[in-house]
Each structure stands twice: as C-alpha cells, then as structure tokens.
Amino acid sequence: MTEEAVVPALEMRHISKTFPGVRALDDVSLTVMLGEVHALLGENGAGKSTLMKILAGAHPKDTGEILLNGKPVHIDSPQSAMELGISIIYQEFNLVPYLNAAENIFLGREPRAKIPSFVDFRKMYADAQAIIDRLGVKLNVRTPVNRLSVAQQQMVEIAKATSRKSRVIVMDEPSATLTEHELASLFTLIRQLQSEGVSIVYISHRLEEVFEIANRVTILRDGRWVATEKVADLDRDQIIRYMVGRELKDIIPKAPAAVKEPALRVVHLNRTGVLHDINLTVHCGEVLGLAGLVGAGRTEVARAIFGADPIDSGRIELFGKPVRIHSPESAIRHGIGLITEDRKAQGLILGMAVRENTTLANLAALSRFGFVCRAKEREAATKYVKDLRVRTPTIEQAVQNLSGGNQQKVVLAKWLFTKSKILLFDEPTRGIDVGAKTEIYQLINQLAAEGVAIIMISSELPEILGMSDRILVMHEGRIAGELSRAEATQEKIMHLATGGE
Ligand SMILES: Nc1ncnc2c1ncn2[C@@H]1O[C@H](COP(=O)(O)OP(=O)(O)OP(=O)(O)O)[C@@H](O)[C@H]1O
Ligand SMILES: [Mg+2]
C-alpha cells in the first residue's frame, strides 16, 4: 500500500446481525483502504464470516450501512455485490461439484463465441488454464471439481474470485489447506492485486500469515469490534489477547508414548497410480505423524485404511490379525475412525442438529431394539459441546448454522463418541482458532494416553513436530522416510517431502 493511496475503498459502519438465538454481530465497523490487505481476526464464532457474507450479499444485515469509495451502496444479493466489484472466497467452498474447474471459474460469464449464445470453449479453457498456471498450481482445468483435492478446490475458488475485475476481494481462510509453496504463490498474487489497487480482506487463523501479508488488522470478539491497528504496531501475544481476552499456551507437546502393542499395520499397500508400497505401523498410545506436500498421498493412505477407496494389493492387520476392510462401515465396525479435512463433503450432515451429528457414527451405542434413546443422545451431545467448547445456542442447532471452526469441532465429537481404537486425523485443526487448537491437542494427548492409536496428517509443521511420536514423510505416493521425534526438524521434513534423498 503506498502512502498517497490511503483512502477508504470500503466502509462497513455499525453493522448488526441477529440469527435466531445468536447475536452474531453487534455494532461492528470495518474500514478497508484502497490497495490494502486488511486482516480480519477472531476466535471461531466471533462473526468474521457473517460480516463478510453481509458484504457479499449472502445475508441481509439488520442495521448499519456499507460504503464503497465513499458512496452508500445497497447490497441485497450476491449478484448485486458482484456487480459492485466485490468477490468472496467462501470458507465453505461454493463450487459446483460436477462442473470442471474452468466451468466453475467462468460460471455465469463464459466467454461468448461469435455466434450468439454459444460459449467459446477454447478461449474459456485457455483463459482458465492461464489463471491457474499463474497461481502456480498443477491442475488440469478440465477436471470435474468433485475429483479435485480440497487444496485444489481452494485454488479454483481463488482463481474464480481473482479472475473477475474485483475492487474488493474477501478471502475467508484461503490458506487453510495450502502448503508453503501454494501459499507463496497466493501471496505473490495478493501483492500483485494490491499494486493494482484491489483491496483485500484476509481471514486466517494462522497469525504468521497476517504478519507477512497484512497492512492492518481488525479483531472481533463475540460479535463485537475489539480493535483496528497497523500490523507493524502489534505482536502475536497482543493479537491473541485481543482475540481471546486471556493468555494462552502454545502447542502442548505430546507426552512420549510408552511403546505398546501394534494396533494397526499396513503391509505393502498399493493403489495403482496413487499409492506405492506403503508400509506403516502405529502402536497403541502413539501419535504417528504423516507429513508431506498436498497431493503426496497422505489423505489417500487414510482413505485406503478406512475402506473409502479400493486397494489393488497389500494387507491391513489390526492387533496382529489380518482384516479385510472394504467399506467405511466395516472400518467403523473394526474400531477405526477417520476425521476428514473436508467436513462439508464427508464429515457432517449439515441440515441436521448438532445432537444428531454427534451420535451419527455410533447409533448402536444409543439404540435398543432399533430405537434410538433420545435422552442418552442428548446427554452425549451436551457433554461434547461442553468438552470441546462448541459455540452453539443449543444442541438442537442445525450444523450448517455453526461457524466453520465449530463445525470442525462437531466432526471431532462425532468420532470421539464412536470410542474408536484407531483414529485417523486428516488436518484436525484446519480452520480452528488458536485457543481451540490447544484444546484439540489436549484432547489428542488424552486419547493417546487412553491407548488409542492415532495417525495425524497435517500440513502445519509445528503441529506435526509438536504432536507426533514418529513422523513418516510422503512424497509422490510413497513413504520417503521416517523421522523419530528426537531427530525431526522442519528442514528434514521438507527435504524428504520435496523428494530429497
Ligand atoms: N445461518 C446462521 N444461522 C444461525 N446462526 C448462525 C448462522 N451463521 C452464523 N451463525 C452464528 O453466528 C456466529 C458467528 O459465526 P461466524 O460464522 O461469522 O463466525 P467466524 O468468526 O467466521 O468463525 P470461524 O473462525 O469458526 O469460521 C456463530 O455463533 C454462528 O453459530
Ligand atoms: Mg468463518
């Protein structure tokens, strides 16, 4: 942001918003300058996404006003926001699953051919590919979106928003699934947009990113404005104090596991073109970290163990006995749980209540003669809402009405309730605020202490290093190396993850 350009591009003044039972925003104001990257921070449920959905025309506001370049504007639909030059990358993606990447990027504004009402497909694919390439991602724009990984879908969202001639771009946790490399491309792109005078609202739970990319920050707590300051005037502890109103400890390192019996062994597992000769063992009470770049095959290993993807050869042993797991149902019966990174597609039934989602994977524990005992269900849901501090007015709230981070906590509650002996965590703290992260680490520690065997996939190196007893690093569908807790460093992991010997 250059000094002479300090003029407000966007002003949101005194915005309030109430949902049934929840005051999501209470008199919140936000000013974003021309060409500024403005970080919007706050705990899960603080109101960040709600404020941005109002800006994007996805929710009506109750009170307050919005100005663009000093002029009051009326935003009453996503269409009107788009016409005013406002783009948003939603935290929960908004892609059409059966269309391909290019069609999603240009949805509703496909390049026209010379013949009226025909789409110029060649131009569409070429333009879309150019945008994707500029982001530095490997991705064929003809791939249907439902076949892309979460990280790739994220990049399509980013491409979609940045390809429009937008004046204000909102990025609601764009980085949650990205690796260092993709994040670097995103930041390059943001700086370029910034130099073109585009204003960016950047939401993230990773404070390092805020220090790297943002000019100023606004912090919300419990739906209220707490502070707006220059990033240069703040440090990490101060930001956290504003966010949570208390001091916080960082990652609680996992207590080293006493070596116990092997719980799960994977032997010579292959899936053609995806996984090559995967061998691993995880013991009771142990946290085995699975590191690697996006696309290295970590999620695929978890899905193969869980019976969600077919395998071509190899075997799985549980407590010393070979087992055949051909579906998620049989995995669950064998005591295996998978906490996915993609809560929307795999973790939750969004239209159902917190109560029902919590007990979904283990109705057997509540049923007698085929009837679900509602009292027990309520009791379980109430316990997990309290233990995990899920921010919801009641356990009857539909999960889709919770904030992103709180939805992730419900996914966790669901798997904790299954009392699984083996838990596969795929990016367990994605989108979770700094305070709640510590709670999740504590919980993983506690599960391990109770003897649960845990495989944890994470792209956050401090998390992998802090929580794992042992770390396997994957590269291109293979296990590239193993590091003990004592020898592991960020550099060694990155070296193996990028194909170094
Ligand atoms: N459609 C809705 N219906 C009812 N309540 C809602 C709805 N959308 C959001 N809320 C509530 O409003 C509050 C603010 O949610 P919001 O999604 O804005 O939080 P957030 O700051 O984006 O959190 P996160 O970091 O977890 O994404 C939360 O208590 C949430 O449960
Ligand atoms: Mg949010």
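Now for a quick tour of the structure. (Residues numbered from 1 in each chain as written. Chains lettered and ligands numbered in written order. Predicted model: local features only at pLDDT ≥ 70, side-chain atom pairs only at ≥ 80, totals over all residues. Heavy atoms only, no water.)

## Overview of the pattern of salt bridges
The final tally for this structure, using the stated rule, is 23 salt bridges. With a closest N to O distance of 3.4 Å, E317 and R265 form a salt bridge. Note that E317 is positioned in strand β14 (residues 313-318) and R265 in strand β11 (residues 262-271), a separation of 52 residues in sequence. For E317, a relative accessible area of 11% puts it in the buried group. Assessed through its relative accessible area of 34%, R265 is described here as partly exposed. For R298, the salt bridge goes to E427, with nearest N and O atoms at 3.9 Å. (Salt bridge = Lys/Arg side-chain N within 4 Å of Asp/Glu carboxyl O. Helix = DSSP H or I, 4+ residues; strand = E, 2+ residues; numbered from the N terminus. Buried < 20%, exposed > 50% of the residue type's maximum accessible area, 1.4 Å probe, protein only.)

## What about the nonpolar core?
Formed by 78 residues in total, the largest nonpolar core has its most connected members in L264, L280, I336, L424, F425, I454 and I455. When residues of this core are assigned to domains, at least three fall in each of domain 2 (249-335 + 420-501) and domain 3 (349-418). Once residues lying within four places of it in the same chain are set aside, the contact partners of L264 are L280, T281, V282, I305, I316, E317, L318, I422 and I455. One finds I105, V141, L207 and I240 within the second-largest nonpolar core, a separate group that totals 50 residues. (Core = buried A, V, L, I, M, F, W, Y, C linked by side-chain atoms within 4.5 Å. Domains from an automatic or database assignment. Contact = heavy atoms within 4.5 Å.)

## Things to note about the sheet that holds strand β2 (residues 22-33)
In a beta sheet, neighbouring strands pair by backbone hydrogen bonds and run either parallel or antiparallel. With respect to topology, four strands assemble into an open sheet ordered β2-β1-β4-β5, the strand pairing being antiparallel. One side of each edge strand has no neighbouring strand; the edge strands of this open sheet are β2 and β5 (71-73). Ignoring which end each strand starts from, the neighbouring axes of this sheet average 25 degrees apart. Bridge count between strand β4 (residues 63-68) and β5: three bridges; the pairing is antiparallel. Residue pairing across strands places I66 opposite V73, the latter belonging to β5. Against the sheet, helix α1 (residues 48-55) contacts β1 (8-19), β2 and β4, and its axis sits at roughly 115 degrees relative to β1. (Pairing = 2+ DSSP bridges. Axes fitted to C-alpha atoms, helices over the stretch in contact; angles between N-to-C directions.)

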